[in-house]
Amino acid sequence: MDYRRLGASGLTVPALSFGTGTFGGVGRLAGWGKTDATEARRLLDICFDAGVSMFDTADVYSLGESERVLGEALKGRRDKALISTKATFRFGDRPNDIGSSRYHLISAVEGSLKRLGTDYIDLFQLHGFDAMTPPEEVLSTLDTLVRAGKIRYVGVSNFSGWHLMKALAVADKYGYPRYVANQTYYSLVGRDYEWELMPLSKDQGIGAVVWSPLGWGRLTGKIRRGQPRPEVSRLDTTAEIGPPVPDEHVYRVVDAIDEIAKETGKTVPQIALNWVLQRPTVSTVIVGARNEEQLKQNLGAIGWNLTKEQVARLDEASKVTLPYPYWHQRTTSLERNPPAV
């Protein structure tokens, strides 16, 4: 397993992390999977054997059950693992059970620690941006939690560029912990991360923790031009909360992947994952799995690399028209403002 530095921090993380959104199977995300503690422990065995030691979850995954199942599966080997979890989204019916206020963050961290059965979280991330809470309040609270030893590193997820940059400025001004990770959506059918967040991360030392690198299940190899959709797919039950992608764009990308699959002997998901692993600023790519077979296939994305020519073909197939001002920047001023990738 390749280990990489998490942003500008001193922490190293495996190139592949395991996402536990399939653990628990409760609530509106139950379509992701219903892995119980016994099966989860077996999946973690496979991960540890392959050098995958970082496990990602969130309080809202299966209404807290994902954290609980992960904690059960890690009993007796917590010291071998890095735990990444998140909070910000609504987690209860009371008025303050949402957001990044001091009240909610402290409550969220205490709840996550209890469900995970641990006394510290290695990487705690804000799951989304809270425009109602001043960044000074957010960061001072995270500083308190770091000093208390309850969390070790901090990051964000689903932030806009200006959200992240404003927070970094506040952290620098007051000496609060800097965000070192950005858990971001990035895939061959979703390259928006490259427009602004990647250049920002490259400049500010933020490591990308990539979620849904298979485009919300579109790059598993089961979806192809002229073929019926698979009978069992997360797209059927969770498409409304996932990233939108036109079908024709998916087909064009999968057509290109299929050509490279014939050349390399690798599978569609392995090629899609390997492409993401080669991108700038990527510290770790989160892979999920409903079962052992899926997990082992995803682990096959490491230990080899696409050629530069193959990467270029995938880049071309997945290219889209950029929104303003990015299309203008790409056609002018390249001498002084080159793209990050």
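Description of the structure in this document. It should be emphasised that the depicted structure is a prediction, and the values quoted were computed from it without experimental measurement.

Attention shifts here to the overall build of the chain. Helices and strands together make up the secondary structure of the chain, namely 12 helices and 10 strands. Here the C-alpha radius of gyration of the chain, 20 Å, is about what a compact globule of 341 residues would show, namely 20 Å. In terms of overall dimensions, the chain has a C-alpha envelope of 50 × 50 × 35 Å along the principal axes. A total of 341 residues make up the chain; the buried ones form 55% of that total. Considering only contacts in the chain between residues 6 or more positions apart, those separated by 24 or more positions represent 79%.

This part takes up the side chain of Gln 310. Tracing the backbone through its elements, the reader meets Gln 310 in helix 11 (residues 308-317). On the basis of relative accessible area, Gln 310 is assigned to the buried category, the value being 7%. Within the local environment of Gln 310, its side chain forms a polar contact with the side chain of Glu 263, the two groups lying 3.0 Å apart. For Gln 310, the residues in contact, after removing those within four places along its chain, are Ile 260, Glu 263 and Thr 264.

Our next topic: the packing of aromatic side chains. Counted under the stated rule, the structure contains 13 aromatic pairs. Seen in terms of ring centroids, Phe 48 and Phe 55 are 5.4 Å apart; in terms of plane orientation they differ by 65 degrees. Their pairing is edge-to-face. For the ring pair Tyr 174 and Tyr 176, a centre distance of 5.7 Å and an interplane angle of 25 degrees mean the geometry is stacked. The partly exposed category is assigned to Tyr 174, whose relative accessible area is 43%. Of note, Arg 78 hangs over the ring of Tyr 120, and the distance from its end group to the ring centre comes to 4.1 Å. One cation-aromatic arrangement involves Arg 152 over Tyr 120; the distance from NZ or CZ to the ring centre is 3.7 Å.

Reading around the circumference, 3-4-5-6-7-8-9-10 is the order of the eight strands in this closed barrel, with parallel pairing throughout. Strand after strand, the sheet turns through a mean of 30 degrees between neighbouring axes, direction not considered. Inspection of the sheet shows strand 7 (residues 151-157) paired to strand 8 (residues 181-185) by three bridges, in the parallel sense. Each bridged residue has a counterpart across the sheet, and for Gly 155 the counterpart in strand 8 is Ala 181. Contacting strand 5 (82-87), strand 6 (121-126) and strand 7, helix 3 (residues 102-116) runs over the sheet at an angle of about 140 degrees to strand 6.

Here the focus is helix 2 (residues 65-73). Those residues of helix 2 lying buried are Ser 66, Glu 67, Val 69, Leu 70, Gly 71 and Ala 73. Tucked into the core, helix 2 has its buried residues touching helix 1 (37-50), strand 4 (54-56), strand 5 and helix 3.

What counts as what
Residues numbered from 1 in each chain as written. Predicted model: local features only at pLDDT ≥ 70, side-chain atom pairs only at ≥ 80, totals over all residues. Heavy atoms only, no water. Helix = DSSP H or I, 4+ residues; strand = E, 2+ residues; numbered from the N terminus. Rg over C-alpha atoms; globule rule 2.2 N^0.38 Å. Buried < 20%, exposed > 50% of the residue type's maximum accessible area, 1.4 Å probe, protein only. Contact = heavy atoms within 4.5 Å. Polar contact = N/O pair within 3.5 Å; in protein donor to acceptor, adjacent residues only side chain to side chain. Phe/Tyr/Trp six-rings, centres within 6.5 Å; stacked < 30°, edge-to-face > 60°. Lys NZ or Arg CZ within 6 Å of the ring centre and 35° of its normal. Pairing = 2+ DSSP bridges. Axes fitted to C-alpha atoms, helices over the stretch in contact; angles between N-to-C directions.

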